[in-house]
Structures are given as structure tokens and as C-alpha cells.
Amino acid sequence: MTDRSLTLMAVHAHPDDEATSTGGVLARYAAEGVTTVLVTCTDGGCGDGPGGIKPGDPGHDPKAVVEMRRAELAASCEALKVTHLETLDYGDSGMMGWATNEAPGAFWNTPVAEAADRLAELIRRYRPDVVVTYDENGFYGHPDHIQAHRITMAAVEQTGIPAKVYWTTVPRSAFQQFGTVMKEIGVEFPEPEATDEMPALGLPDDEITTWVDTSGYGGQKFASLAAHASQAENIFFLRLGQERFTELMGMETFVRVRDTTGAATPEDDLFAGLR
């Protein structure tokens, strides 16, 4: 070990993605003295505008949405005490099949090698011990999440720097609990089923390698999510209130896909084997 701080890098697609699946680990590890780096790949311009105006509807101004979401992202990072925020500022590609997928400058329309080179430069600069991103399906098939996965894995391969790499996931056992809680607040949440187009979400519990207790940082995670107020209509978990939210979202889970430490799994620390 050297005297430098351990470093965690989380690579996410849009402003607000950092909060749900990694808000707890970003807050927890920052509190433990770990340097935390958030890389946000897109500008979020396909998000809702002021008053909930949807992309493509009259009055939706992507440039105004980008500025609003940039400020929200900064507030989220403050809530989580993120050490460094890096924004690649590719265009938000929208959902799979939208015309925005093929727009000039859209993340989905950017060559993987080009974006991976930019991320590799950041990896060389910050030298993260641990990198976290999405699985190959972007968890739920969003093109920008898939692209974030692709460029991250390419940049890791190119640099060989991170000792450990993780993909975010959810235990399948949690979906029934999610469904129960969502019904409490009036949101339909059918348990997802695999199709030819969409693999099953999450993983069986015994395939999850890493379970990190972040319940002590539920307030920060909730504040991070709440900072993205312009997207509140789509952020169902905010309706739970902080206490219920922490109860439901206080364990963050991952699958370890790269490891040079030999740390045993299952593990309860992304930095197991490094400290």
C-alpha cells in the first residue's frame, strides 16, 4: 500500500443515476476518507423540463434542461460529498428507439473507442482502485447505460489500472418487496420477467458477490436523489419519505467482474483486499 488515499470511480450515464444504485457507497466511502470520483457521461437533455414537460412536447427546451440538470448534479454531489465530478457531456440519447439515439453528438451515436479514450484519460489521472458501472445490458436496456458499460470496460482494458471492477445489480429477491412498497404509494411495479428483447433484471441472490450496508447514509442518499427535483415525477422512491426509503434502499449490491486482490466473496466492502 502507498500513502495515497484509496479511490472509487463510479461511471454513470445521466445526472441522477449516481443516486439510486451508488449514492450509498459514494457517501459511505467519502466519509471513510476514500477519494470519490463521479463520471457522468451525458448532459441529461432528454429529461423532463420545468413543469414536467416531456421531451418532444411543445416547450421542451433541451438546452435549458441541460443547465438545470447540471445544477442538480452539483447539488447531488454536495449531498454525497463526492470529491471530484467529471462530465463527458455527450448528448442524452433518450430511450431505446428514439430518434435522439442517432443525433449528432448523442452518446449512443459516439464510437466506443472515442469515448473510452476520454474515460481512460480520467482513469490514468485519478488511478481508481475500484471502478463501478452497469452490466452489459445497462441494467434495464437504456442505450446510454449500455454505452457507459461499453466505454468503461474498454477503458479498464486499455489502462489495466483498477484493482477491482463492479457492476451494479439488484437481488431478484428484492423485487417482490419493491412491488409491495410501490403499491403502498400507488405505483404499479410488476415483477419484471425476461423476454427475448430484455434479459431478466437483477441477479439471483447467490450470484451477487458484494453486499454493502449503506443504511447509515440513507439521509445523504435521499438528499442526493431529491436534488434532482426536475425529474421527481420519474423518481418514485422520493414518495417513500426518508425513513422508509432508507429501509428499502439501505443495501447496495454489486457483482465483481475484475479482481486482483484475491478477496473472498461474498464480500461486504468494495475495498476488501485493499485495506
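Provided above is the structure to which this section pertains.
Here's a quick rundown of the structure. Computed from a predicted model, the values in this text were never measured in an experiment.

A count of helices and strands for the chain gives seven helices and seven strands. Start at the N end of the chain and walk to the C end: the helices and strands fall as β-α-β-α-β-α-β-α-β-α-β-α-α-β. Since a compact globule built from 275 residues should have a radius of gyration of about 19 Å, the 18 Å found for the chain is in line with a globular shape. For the C-alpha atoms alone, the extent of the chain along its principal axes is close to 55 × 45 × 40 Å. In the chain, 78% of the contacts between residues at least 6 apart in sequence involve partners at least 24 apart.

Turning our attention to the nonpolar core. In this structure, Met9, Val39, Leu119 and Ile151 are the most contacted members of the largest nonpolar core, which totals 24 residues. Residue assignment for this core shows that the elements contributing at least two residues are strand S1 (7–12), strand S2 (35–42), strand S3 (84–90), helix H3 (112–126) and helix H4 (143–159). For this core, the leading source of residues is H3, giving seven residues. Beyond its immediate chain neighbours, meaning those up to four positions away, Ile151 contacts Cys41, Leu88, Phe107, Val112, Ala115, Ala116 and Leu119. Grouped together as the second largest cluster of nonpolar side chains are 22 residues, Ala10, Leu26, Leu73 and Val132 included.

Here we take up the packing of helix H1 (residues 17–31) against helix H2 (residues 62–80). Interaxial distance between H1 and H2 falls to 9 Å at its minimum, and their mutual angle equals 40 degrees. The orientation of H1 with respect to H2, classified from their angle, is oblique. Of the residues in H2, those touching H1 at Glu18, Gly23, Leu26, Ala27 and Ala30 are Leu73, Ser76 and Leu80. Residues of the contact of H1 with H2, tallied by class, amount to five nonpolar, two polar and one charged.

This paragraph deals with helix H7 (residues 242–249). Restricting attention to buried positions, one finds in H7 the residues Phe245, Thr246, Leu248 and Met249. Angular distribution of buried residues about the axis of H7 spans 165 degrees; they occupy a single face of the element. Opposite the packed face of H7, turned more than 90 degrees from it, sit the exposed residues Glu243 and Glu247. Tucked inside the fold, the buried residues of H7 contact H1, helix H5 (173–184), helix H6 (218–227) and strand S7 (251–259).

All right, on to the state of the cysteines then. Scanning the model with the defined rule gives zero disulfides in all. Left without a disulfide partner, Cys41 is nearest to the cysteine sulfur of Cys77, which lies 13 Å away. Taking relative accessible area as the criterion, Cys41 reaches 0% and is therefore assigned buried.

Let's shift gears to the sheet that holds strand S4 (residues 130–133). Pairing is mixed across the open sheet formed by seven strands, whose spatial order is S3-S2-S1-S4-S5-S7-S6. With partners counted over all chains shown, the strands left at the sheet margins are S3 and strand S6 (210–213), one partner each. Here the strands of the sheet are splayed against their neighbours by 25 degrees on average, with no regard to which way each runs. In this structure, S1 lies alongside S2, joined through six bridges in parallel fashion. The residue bridging Met9 from the neighbouring strand is Val37, located in S2.

The subject of this paragraph is the side chain of Gln231. Note that Gln231 resides in the loop between H6 and H7. Residue Gln231 is classed as buried on the basis of its relative accessible area, which comes to 4%. For Gln231, the contacting residues outside a window of four places in its chain are Asp16, Gly47, Asp48 and Arg69.

Glancing now at the side chain of Asp16. As for its position among the elements, Asp16 is in the loop between S1 and H1. A polar contact is formed between the side chain of Asp16 and the side chain of Arg69, at a distance of 2.9 Å. Leave out the neighbours within four places in its chain, and Asp16 touches Arg69, Leu225, His228 and Gln231.

Parameters and conventions
- Residues numbered from 1 in each chain as written.
- Predicted model: local features only at pLDDT ≥ 70, side-chain atom pairs only at ≥ 80, totals over all residues.
- Heavy atoms only, no water.
- Helix = DSSP H or I, 4+ residues; strand = E, 2+ residues; numbered from the N terminus.
- Rg over C-alpha atoms; globule rule 2.2 N^0.38 Å.
- Contact = heavy atoms within 4.5 Å.
- Core = buried A, V, L, I, M, F, W, Y, C linked by side-chain atoms within 4.5 Å.
- Buried < 20%, exposed > 50% of the residue type's maximum accessible area, 1.4 Å probe, protein only.
- Axes fitted to C-alpha atoms, helices over the stretch in contact; angles between N-to-C directions.
- Parallel < 35°, antiparallel > 145°, perpendicular 65-115°, else oblique.
- Nonpolar A, V, L, I, M, F, W, Y, C, P; charged D, E, K, R; others polar.
- Arc of directions from axis to C-beta.
- Disulfide = S-S within 2.5 Å.
- Pairing = 2+ DSSP bridges.
- Polar contact = N/O pair within 3.5 Å; in protein donor to acceptor, adjacent residues only side chain to side chain.

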